[in-house]
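Per-entry structural report
Residue strings, one per chain:
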Amino acid sequence: MKKITLPFILLFVAFSGFSQGNKVTQAAGKFDGLAMTPPMGWNSWNTFETNIDEKLVKETADIMVASGMAAAGYNYIVLDDGWMTKERDANGNLVPDPIKFPNGMKALVEYVHSKGLKFGLYNCAGTQTCAGYPGTRGFEYQDARFYASLDIDYLKYDWCNTAGITAPEAYKTMSNALKTAGRPIVFSLCEWGDNQPWEWAKPMGNLWRISGDIYPCFDCEFHHEEGNWSSWGFMKIAEMRKDIRKYSGPDHWNDFDMMEVGDGMTNTEDKTHFSMWCMLASPLIAGNDFRKMSPETLAILTNENLIAVNQDKLGIQGFKLTVEDGVEVWVKPLSDGAWAITFLNRTELPKKVNFDWKKNPIKDADFGFEADFNKTIFKIKDLWKNKDAGTTKKNLTADIASHDVITLKLIP
Ligand code: GLA
């Protein structure tokens, strides 16, 4: 072996960076691989807004396990806005509200972890959260260290009170701060699609909201006079962002918002809402009060056939294939050459469907999948009825009630 002399060693050390004790290494990029299928869980906002506390979280975690939700795949419990005091402490630290969380946040995180579940918190890129609690602007690294010290697993990061900052920079800063803090935390961007996060957020986050807030109705716009903004029925959101599907996929999901299943719509509408969130490969974050959950709501949220569509490993957001007489047909390519297909009656009247497979070949222009029913016959499984339903040799004929769906799996 050739002898390496001292000057060579010194030169090597200098160039390799060993000697650069003052070099700042800025971690860049999200924690990869934390959300290879759409995240599933529960978030406090839709039902409770800022009326949250330790008891609610513990009871929700208990029910998540005891009801079978956890076994069905739901594992994140996320506390949305309202978990802090209105001011930071003298050192600039966020303070979990001691009245709402008398045993502290760390103990609550430990409780949720002890149930085999994961825990998430919320903050905002601006100076204040949307509900007026301390925002993270200027405290990104400090807050990220705090979250890591609490052992949380998920951060939803909102976009209120952000005058003067730009979204790609603000989200990148927080993403880097989380990475630097070192604990793998799913980073959920919530800037409502205002700055097209699907175009720039993939290296920073695992999911991003693509719309304003959801509202528990089928197809309405709910206008908030105060503040002059709108929340949206679930079909409005589905429609609004059906064309950005190519940006969604494993570890970088278009987030159609927390679900309103069990929050006041009819069971039929809830079933349709859930079907659509599965077809769209949206994160499945329940937003209802588990302590008052009806058996029907639980059955919808835990339908394993539908969840399998949502969690399919290809991770492709479905698209609208056709509309006829108010009945929409949505399709989603699945692994192993299968497809999910949903017939959705968007009208106020019952409809009859007579669908000729052979006249309706499927072409997925964004991802290149195709199904030609003249060439291939598919077996059909009705996913809500959990029954075989013939093949694509014959037309599909069915009645669909107003706002209802038929969701099928086509197996080649
Ligand atoms: C925004 C978000 C909601 C919720 C509230 C909390 O409106 O879009 O999902 O987090 O803020 O204030």
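So, a few notes on the structure that sits alongside this text. None of these values were measured; they are calculated from a predicted model. (Residues numbered from 1 in each chain as written. Predicted model: local features only at pLDDT ≥ 70, side-chain atom pairs only at ≥ 80, totals over all residues. Heavy atoms only, no water.)

Quick word on the sheet that holds strand β12 (residues 327–333)
Pairing in this open sheet of 6 strands is antiparallel, and the strands run β11-β12-β13-β20-β17-β18 from one edge to the other. Edge positions in the sheet fall to β11 (319–324) and β18 (387–391), since each has one partner strand and no second. Across this sheet, the average inter-strand angle for adjacent strands is 25°, counted without regard to direction. Judged from the 3 bridges that link them, strand β17 (residues 379–382) and β18 form a sheet pairing that is antiparallel. Paired with Asp382 across the bridge in β18 is Lys387. (Pairing = 2+ DSSP bridges. Helix = DSSP H or I, 4+ residues; strand = E, 2+ residues; numbered from the N terminus. Axes fitted to C-alpha atoms, helices over the stretch in contact; angles between N-to-C directions.)

Structural notes on the pattern of salt bridges
Scanning the entire structure with this criterion turns up 28 salt bridges. The closest approach of N and O atoms between Arg209 and Asp257, which form a salt bridge, is 3.3 Å. Of the two residues, Arg209 sits in strand β6 (residues 207–209) while Asp257 sits in the loop between β9 (253–255) and α9 (267–279), which places them 48 residues apart along the sequence. One exposure class covers both Arg209 and Asp257, and it is buried. The shortest N-O distance in the salt bridge between Asp243 and Lys242 comes to 3.8 Å. (Salt bridge = Lys/Arg side-chain N within 4 Å of Asp/Glu carboxyl O. Buried < 20%, exposed > 50% of the residue type's maximum accessible area, 1.4 Å probe, protein only.)

A short note on the environment of His403
Here His403 shows up in the loop between β19 (396–400) and β20 (405–411). Along the chain, His403 and Cys160 lie 243 residues apart, while their C-alpha atoms are 34 Å from each other. Residue contacts for His403: discarding those within four places in its chain leaves Phe218, Thr268, Glu269, Thr272, Asn345, Arg346, Thr347 and Glu348. Reaching out from His403, the side chain makes a polar contact with the side chain of Glu269 at a distance of 2.7 Å. Here Glu348 takes part through its side chain, which lies 3.1 Å from a polar atom of the side chain of His403. (Contact = heavy atoms within 4.5 Å. Polar contact = N/O pair within 3.5 Å; in protein donor to acceptor, adjacent residues only side chain to side chain.)

Comments concerning the state of the cysteines
By definition, a disulfide links the sulfur atoms of two cysteine residues through a covalent bond. Using the criterion set out here, one finds 2 disulfides in the structure. Here Cys130 engages in a disulfide with Cys160; their sulfurs sit 2.1 Å apart. Across the S-S bond linking Cys130 and Cys160, the dihedral sits near 100°, which makes this disulfide right-handed. Here Cys130 is found in the loop between β3 (118–124) and α6 (140–150), whereas its partner Cys160 is found in the loop between β4 (154–158) and α7 (167–181), with 30 residues between them in sequence. In this model Cys217 forms its disulfide with Cys220; the gap between the sulfur atoms is 1.9 Å. Measuring handedness by torsion sign, the sulfur bridge of Cys217 and Cys220 sits at about -90° and is left-handed. Given the relative accessible area of 26%, Cys220 is considered partly exposed. Once the disulfide-bonded cysteines of the protein are ranked by sequence position, their pairing pattern turns out to be 1-2, 3-4. Free cysteine Cys190: the closest other cysteine sulfur is in Cys130, separated by 6.9 Å. (Disulfide = S-S within 2.5 Å.)

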